[in-house]
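Close look at the chain arrangement
Each chain, letter by letter, is given below.
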Amino acid sequence: VKTNVSICKQEGVIGIFANETVYQPELYMDFAKIFEEDGFPIFNLVWFGLYKGNKGMCTYTCGMRNFGYDEMEIIDSSVDSQELFEFISDIANYVIFDGVILRDGETIGFSEDQKLPISKSAGVAVEGESLKIVYP
């Protein structure tokens, strides 16, 4: 990430390709500012895609495999795109930063009462298999 930020500062750079997408140099550098707070640059290392599904908002990760984890997807959620984005990025950060392995048949949540089912199946928006998290 630090190397890519250095590249972004060079004259004539129009984009940085990472996680199967092209980032604007300014956006990539903004995401990397978390280093200044000793944070983990999740948005530089994992792409979070959002799209409208048949019955609600959907999201997916691209970059989790680089860390040895399964990509994740949430399909047809009833929540708005901002809440969905925040939820999946928090889960990805938790998995990578804390080394958590999510498995088919388990649940995940950020409170004692929140038990969101996880299943593993063919990806909808990602190649290969992915973990599907059911989020309201």
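Further up the page is the structure itself.
The present account deals with the structure reproduced in this document. Owing to the predicted nature of the structure, the values given are computational and were not obtained by experimental measurement.

**Some points on the layout of surface pockets**
- Each pocket or cavity is described by its volume, and for the largest pocket that value is around 210 Å³.
- Among the residues forming the lining of the largest pocket, the class breakdown is 4 nonpolar, 4 polar and 4 charged.

**A short note on the sheet that holds strand S6 (residues 107-108)**
- The sheet built from 6 strands is open, its strands ordered S3-S4-S5-S8-S7-S6 with mixed pairing. The open sheet has two edge strands with one neighbour each: strand S3 (47-52) and S6.
- Relative to strand S8 (residues 129-133), strand S7 (residues 116-122) runs antiparallel, the two being bridged by 5 bridges. The residue bridging serine 119 from the neighbouring strand is lysine 132, located in S8.

**Topic: the pattern of salt bridges**
- Enumeration according to the criterion identifies 3 salt bridges in this entry.
- For glutamate 73, the salt bridge is made with lysine 132, and the minimal N-O distance between the two is 3.8 Å. Taken together, the residues glutamate 73 in strand S5 (residues 72-77) and lysine 132 in strand S8 connect sequence positions 59 residues apart. Residue glutamate 73 shares its accessibility class with lysine 132, and that shared class is buried.

**Topic: helix H4 (residues 81-98)**
- Here H4 contains 18 residues, and its C-alpha end-to-end distance of 25 Å stays within 8% of the 26 Å for a straight helix at 1.5 Å per residue.
- The N-capping residue of H4, defined by a side-chain oxygen 3.1 Å from the backbone nitrogen of glutamine 82, is aspartate 80.
- Positioned one or two residues after H4, glycine 99 has a phi angle of 65 degrees, which is positive.

The rules we used
- Residues numbered from 1 in each chain as written.
- Predicted model: local features only at pLDDT ≥ 70, side-chain atom pairs only at ≥ 80, totals over all residues.
- Heavy atoms only, no water.
- 1 Å grid on protein atoms, 1.4 Å probe; cavity = no way out; pocket = protein on both sides within 12 Å on 5 of 7 lines; lining within 4 Å.
- Points joined across faces, edges and corners; volume = space filled by probe spheres on them.
- Nonpolar A, V, L, I, M, F, W, Y, C, P; charged D, E, K, R; others polar.
- Pairing = 2+ DSSP bridges.
- Helix = DSSP H or I, 4+ residues; strand = E, 2+ residues; numbered from the N terminus.
- Salt bridge = Lys/Arg side-chain N within 4 Å of Asp/Glu carboxyl O.
- Buried < 20%, exposed > 50% of the residue type's maximum accessible area, 1.4 Å probe, protein only.
- Expected span 1.5 Å × (residues − 1).
- Polar contact = N/O pair within 3.5 Å; in protein donor to acceptor, adjacent residues only side chain to side chain.

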